[in-house]
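# Examination of the molecular architecture
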Amino acid sequence: MTTSATTSTGSSVAAPLIVNGLISGINTSSVISALMQGYQAPITSLQNEQTSLAGKAGDYGIVNTDLQALVTAAQALSTSSAWNLATASSSNSSVATATSSPGAQQGTTMFNVDQLAQGNILASSAGVASTGAIVTSATSILLATGSAALGFSDLSASGALALGSHTVKVTQSSAAATVTGSSALAASTTITTGSNDTLALSVGGTAYTLTLAAGTGETPSALVSAVNAAAKAAGAGVTASLSSTGALQLSTTEQGSAATLSVTGGTALGALGLTTGQSGTGTDAIVSVDGTSTTLSAVTAGAAVTLAAPTGSVTATIATSPQANGSLLSVGTASGDVVSTGTGSLSDVVAAINSSGLAMTASAVQDASGTYLLQVSSNETGLSGSASADTAAFAGGALGSLSTISSAQDALVTVGGSGGYQLSSSTDVFSNLLSGTAVTVVSAGQATVTVSPDASGEAAKVASLVSAANQVLSDINQFAGYNATTKTGGPLMGSSVLTGIQQQVLSIFASSPGSSGYGNSLAAGISLTSSGSLTFNQSQFETAYAANPTKIASLFAAGGSFSPASPSYAGAVSFVYAGDGTASGTYDVQVSSSATQATDTGSSITDGTVGTAETLTVAAGGNSATYSTTAGESLAAVASGLDQQFASQGLALSAAVVNGGTQLQIASSAYGSATSFTVSTTSTASGTTGLGGTTAGTPATFTGTDVAGTINGVAATGSGQVLTAPTSDPTLAGLSLLVTAPGITSTTDLGSFTYSPGLAQQLQTLANIASNPANGTITTTISSLHNEASGLNVQIANDQAIASSQQTLLQNEFANMETALGQIKNQSSALASQIAQLP
């Protein structure tokens, strides 16, 4: 029969045709196979060794994957900023709900929900029999969204305003003429007829005498009501209110520079905190249409004004009441679109409005009588989402007037309850009550939102860390441990790499003191078992964390302690970040220059009272806030008013009175060269605050500076108040510290910082060192095993070549033998035949 030989790699080797024992009767294939076993044995041994090496590499790979998962779990706990999960609760979920993001500001805020946000709806007062009926003779109409946020109730196109998109912007808010009392109103005031009941004013150049109703024990709010009643009775266009400091504030109902107000006398001046000679002038509104500006010096509620445009113009109707900030017209932008009305039919008008691309929807609504009304609804809530359609285009037509049946409004809350400051939102979600927390208002009423550390969320992260560590320990025990029951060791038994990792993991959990020296992980609900694994008691952890979040976080997160060089620098240096290579140790910290905030400090005003009114506009990060001062207003009142504006507009700024109450200062919350803001003023005359530079109307920019200094004698990079050592430094490896010491202008030794990695940071470092793809100890071990296995291929190939050659040789020799035997047999047969023929 025909046979073939197979090499150790499975390839076939050609062999001569062999007929087993045809001549000799010997099974030559079996004989050759038996002889070849001696050659195959070392090949099989080497192949088995390759399989073993691949198995070991695979086992190391499993542990390597475990360690990478441990790195991920440890990273979620290894820095103090990682311990920032927060949970929000509301005292009254029927009024407001809240959700906090990681890093949310913790604390409590109480507020009243004054109103919810809603969109507006416009509807015609009359209807038509069919949607094909003609409802307007106008060839086009002006649509707009967001005009209510500017202070306009209606916009109409005039002249040749082109079809297509348009932009209406209020670039300067209007303000009333205002005077403010020099001090807070008394808690109780008595007004006596003929004694202290009159107030003489000049409003817009017209003299008025207000006579207050007599009253005993009048509260500040009652006194304000008395002034308002007297102004209404006298026909004076002024309103009274309480300033942020509790002083009486009088404002004209008209706004703009045409509005003037002065106190000319009266017997009630003392009771009201006013003095003769106090005066104020309003601030003009500046409005642009497609870049063409119009200055409005007389801004009156309900009045129509004409706004110039590059072609044509816009007639705008001012809303009937001021906005929450007190301005009739406020800085902002509205989007407009002039659309063709087609045939002028109701269906064409509806189609034109819906195709405008603005956030509004038009409908032909059939009422109970069967007639069709035009209805236009805003698609978004709040004043910024309000919808308007040119009412003039329908005046006198079949639809009658187009009026508002539901007004757009922002959601409003009063922080601190009645008497606090008010915040607005175009939706029912407020993000500026507590930083990092979204508060959704549900209904009117009072609620308190509390943001606190999220013990449950942090416990879940610790549970993940313990689970990841247990997986590492379990797999190491499986691959490198000894099974006493089966009396067998794992395939990697004796691996110093794995046993070292196992011992270090257990040691970290058993002895880690935490970055602040508090106890060890046992205080956080983690325990070691006799079998060498870990357990986690979540309830114990949550109890400990709720009692002292900082203490528990310090057990896991990297950190340290600062020893000041002098008591004045106590707490001036704190931990921010450390890399895997940052060594534990104590490092000297020297600073040559402190970080500073962006700051604008005004002029010195000896009596602490503004002498000349101005409007300040402060901008930062794309947001801006405007505040108008009045003559006679205290710097403290101005600071308070600015702070309210900053809070309502989301500016991270604050105002304060400094230098003994003689100067007003605006400062950023953040430090460093990346922090800046601008201030512009409408006046730099004597008696103004002195904020905003030297040129009226031109914004002045104010920028902070970065900290400069060294850590452990190594020059560090400053970013705000953070000093960061080079990542290339073998000892510091990117150590970052927060330096808050102020006022340093020359090299100063602040003291020493002692760095300690927490439990999670230690595990992260250990796992990174082992599993790092570039040079991890397990990574290099796996690579070494693969290289060793690959190195055997040459030896296997050589041995296979020798075996193949020997097999061929044996096959040839046996073939030759059979041939020779055949020849002999043939010769024997021939001789036998010849012999048989002999006589």
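First, a word on what this report is: a plain description of the structure on this page. Residue positions are given per chain, counting from 1 as you read along its sequence in written order. Thresholds applied to this predicted model are a pLDDT of at least 70 for local features of residues and 80 or more for the giving and counting of side-chain atom pairs; totals over whole chains, interfaces and linings are not thresholded and use all residues. Each side-chain value is derived from all of the structure's non-hydrogen atoms; neither hydrogens nor water enter the calculation.

### Digging into the overall build of the protein
To keep things clear, this is the line we draw: Think of it this way: any DSSP run of H or I at least four residues long counts as a helix, any run of E at least two long counts as a strand, and we number them from the N terminus. Each residue is assigned to one of three classes by its accessible area relative to the maximum for its type, calculated with a 1.4 Å probe on protein chains only: buried under 20%, partly exposed between the two thresholds, exposed over 50%. By the convention used here, residues are in contact when the closest approach between their heavy atoms is within 4.5 Å. Areas reported as accessible are Shrake-Rupley estimates using a 1.4 Å probe. Residue values count occlusion only from the protein chains shown.
Secondary structure assignment for the protein yields 12 helices and 51 strands. Counting the 839 residues in the protein, one finds 43% classified as buried. A fraction of 70% describes how many contacts in the protein between residues 6 or more apart in sequence connect residues 24 or more apart. Summed over its atoms, the accessible surface of the protein is roughly 35900 Å², and 52% of this surface lies on carbon and sulfur atoms.

### Quick word on the packing of aromatic side chains
Our working rule: Classification of ring pairs rests on two measures: the distance between centres of Phe, Tyr or Trp rings, Trp counted by its six-membered ring, which must be within 6.5 Å, and the angle between planes, read as stacked under 30 degrees, edge-to-face over 60 and tilted in between.
Applying the stated criterion across every chain yields a total of 8 aromatic pairs. Arranged with centres 6.3 Å apart and planes meeting at 40°, the rings of W83 and F541 form a pair that is tilted. With W83 in the loop between α1 (28-75) and β3 (86-90) and F541 in helix α8 (residues 538-547), this pair connects stretches of sequence that are 458 residues apart. Across the pair, F541 and W83 agree in class, each one buried. Consider the rings of F677 and F702, whose centres lie 5.7 Å apart with planes at 35°: the pair is tilted. Remark: F702 occurs in strand β46 (residues 700-703) and F677 occurs in strand β45 (residues 676-681); sequence separation between them is 25 residues. The same class applies to F677 as to F702, namely buried. Among the aromatic residues, those joined into a cluster by ring pairs are W83, F536, F541, Y545 and F556.

### Describing the nonpolar core
Note the following rule: Among the buried residues, those of types Ala, Val, Leu, Ile, Met, Phe, Trp, Tyr and Cys that are joined through side-chain atoms within 4.5 Å form a nonpolar core.
Within the largest apolar cluster, 59 residues are counted, with the highest numbers of intra-cluster contacts made by W83 and F556. Contributing elements (two or more residues each) for this core: α1, α6 (455-480), α7 (496-511), α8, α9 (549-556), α11 (759-771) and α12 (777-836). Counting residues per element, this core draws most heavily on α1, which supplies 13 residues. With residues up to four places along the chain from it excluded, the contact list for F556 reads L77, S78, W83, V462, L465, A524, I526, F541, G758, L759, A760 and Q761.

### Digging into unusual backbone geometry
Although it is not a glycine, K487 adopts a positive phi angle of roughly 55°. Relative to the helices and strands, K487 resides in the loop between β33 (482-483) and β34 (488-489). Residue class for K487 comes out exposed when judged on its relative accessible area of 63%.

### What to know about α9
Among the residues of α9, I552, A553, S554, L555 and F556 are the ones counted as buried. Against the buried residues of α9 lie α6, β35 (526-528), α8 and α11.

### Remarks on the sheet that holds strand β30 (residues 429-430)
Two modes of strand pairing occur in sheets, parallel and antiparallel, and in both the strands are linked by backbone hydrogen bonds. This is how the line gets drawn: Whether two strands pair depends on DSSP finding at least two bridges between them.
Within the open sheet, the 3 strands sit side by side as β4-β31-β30. Their pairing is antiparallel. Edge positions in the sheet fall to β4 (96-100) and β30, since each of these pairs with one other strand and no more. Where β4 and strand β31 (residues 437-441) come together, 5 bridges link them in antiparallel fashion. Across the sheet, T99 pairs through a bridge with A438, a residue of β31.

### Quick word on the packing of α7 against α11
Helices that pack against each other are described as a pair by the angle of their axes relative to one another and the distance between those axes. Using the following cut-off: Axes here refer to lines fitted to C-alpha atoms; in helices the fit is confined to the stretch in contact. Angles between the N-to-C directions go from 0 to 180 degrees. Between 65 and 115 degrees an angle is taken as roughly perpendicular, under 35 as roughly parallel, over 145 as roughly antiparallel, and anywhere else as oblique. Gly is placed with the polar residues, together with every amino acid not listed as nonpolar (Ala, Val, Leu, Ile, Met, Phe, Trp, Tyr, Cys and Pro) or charged (Asp, Glu, Lys and Arg).
Where α7 meets α11, the axes come as close as 10 Å, and the angle between the chain directions of the two elements is 170°. The angle between the axes of α7 and α11 places the two elements in the roughly antiparallel class. Of α11, the residues touching α7 (which contributes I501, Q504, V505, I508 and F509) are L759, Q762, L763, L766 and A770. Here the residues of the contact of α7 with α11 are counted per class, giving 8 nonpolar, 2 polar and no charged.

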